[in-house]
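Architecture at a glance
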Amino acid sequence: MARYTGPRDKVSRRFGVALFGSTKALEKRPFPPGQHGMRAGRKKKSDYGVMLAEKQKLRLQYGVLEGQFRKYYAEAARRRGITGDILLQLLELRLDNVVYRLGFSNTRAGARQLVSHGHITVNGKKTNVASYSCRPGDVIAVGGKASSQQLATRFLDLTQATVVPDWLECDRDKLTGKIARVPSKEEIAPIVNEQLIVEFYSR
């Protein structure tokens, strides 16, 4: 019997990118799945389909709902600068993503739970809003409760090999981190072509 890989692997396979971490789901085959896949071949996507797929990949990577993602794009378009780069920065500075990047969780979904369950503080105040927008100078820390400390310590054991990006400062012993600056596009290393997302919303 084939191993069940779960819905996340299926989504990663559909987009051809490991959206939720490493997976075997991306063993590429030159034909679609299913009984008649070899005969059917792979259909070429339209320009619209390619742009839509890029948008969906980025949205799913950060675990953002469609309405939220549209608001992020609108905010990025409103600001001065390169819209695609600003969109990436807005997503990267979400509190749940920062917690993930600091290694306090081994997945973004786990980081979102840490935040929503009240285990994380920002500048000394408990913050349970995963979409909270962090800014340079903000200090992110695991709460003082024993349950919070134990949970984060368990995650840190899983993320020992994870490299904390240069735009963050992290003290693993004290379970604290700080936003040193806004990340550059190169540091974010997006898995998508963000310009296609800009074109998608500019249609």
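The structure reproduced in this document is the subject of the present report.

Inspection of the secondary structure assignment puts Tyr48 in helix α3 (residues 47–62). Measuring from C-alpha to C-alpha, the distance between Tyr48 and Phe200 comes to 7.3 Å, with 152 residues separating the pair along the chain. Ignoring sequence-local partners within four residues, the contact set of Tyr48 consists of Phe200 and Arg203.

Our next topic: the side chain of Arg101. By the element assignment, Arg101 lies in helix α6 (residues 95–101). Separated by 2.5 Å, the side chains of Arg101 and Glu92 make a polar contact. For Arg101, the contacting residues outside a window of four places in its chain are Tyr62, Glu92, Arg108, Val164, Pro165, Trp167, Leu168 and Ile188.

Attention now goes to helix α4 (residues 66–78). A rise of 1.5 Å per residue sets the reference length of α4, with its 13 residues, at 18 Å; its end C-alpha atoms lie 19 Å apart and thus fit the reference within 8%. Buried within α4 are the following residues: Phe69, Tyr72, Tyr73 and Ala76. For α4, the angular spread of the buried residues around the axis is 100 degrees, confining them to a single face. With respect to the buried face of α4, the exposed residues turned more than 90 degrees away are Lys71 and Arg78. Where the residues of α4 are buried, they touch α3, α5 (83–92) and α10 (194–202).

Bringing the packing of α4 against α5 into the picture now. The interhelical angle for the contact between α4 and α5, taken along N-to-C directions, is 130 degrees, at an axis separation of 8 Å. It follows that α4 is oblique to α5 by the angle criterion. The element α4 and its partner α5 pack so that their crossing is right-handed. Seen from α4, the contacting residues are Phe69, Tyr72, Tyr73, Glu75, Ala76 and Ala77; seen from α5, they are Thr83, Ile86, Leu87, Leu90 and Leu91.

About the criteria used
Residues numbered from 1 in each chain as written. Predicted model: local features only at pLDDT ≥ 70, side-chain atom pairs only at ≥ 80, totals over all residues. Heavy atoms only, no water. Helix = DSSP H or I, 4+ residues; strand = E, 2+ residues; numbered from the N terminus. Contact = heavy atoms within 4.5 Å. Polar contact = N/O pair within 3.5 Å; in protein donor to acceptor, adjacent residues only side chain to side chain. Expected span 1.5 Å × (residues − 1). Buried < 20%, exposed > 50% of the residue type's maximum accessible area, 1.4 Å probe, protein only. Arc of directions from axis to C-beta. Axes fitted to C-alpha atoms, helices over the stretch in contact; angles between N-to-C directions. Parallel < 35°, antiparallel > 145°, perpendicular 65-115°, else oblique. Left-handed = near helix turned anticlockwise from the far one by under 90°.

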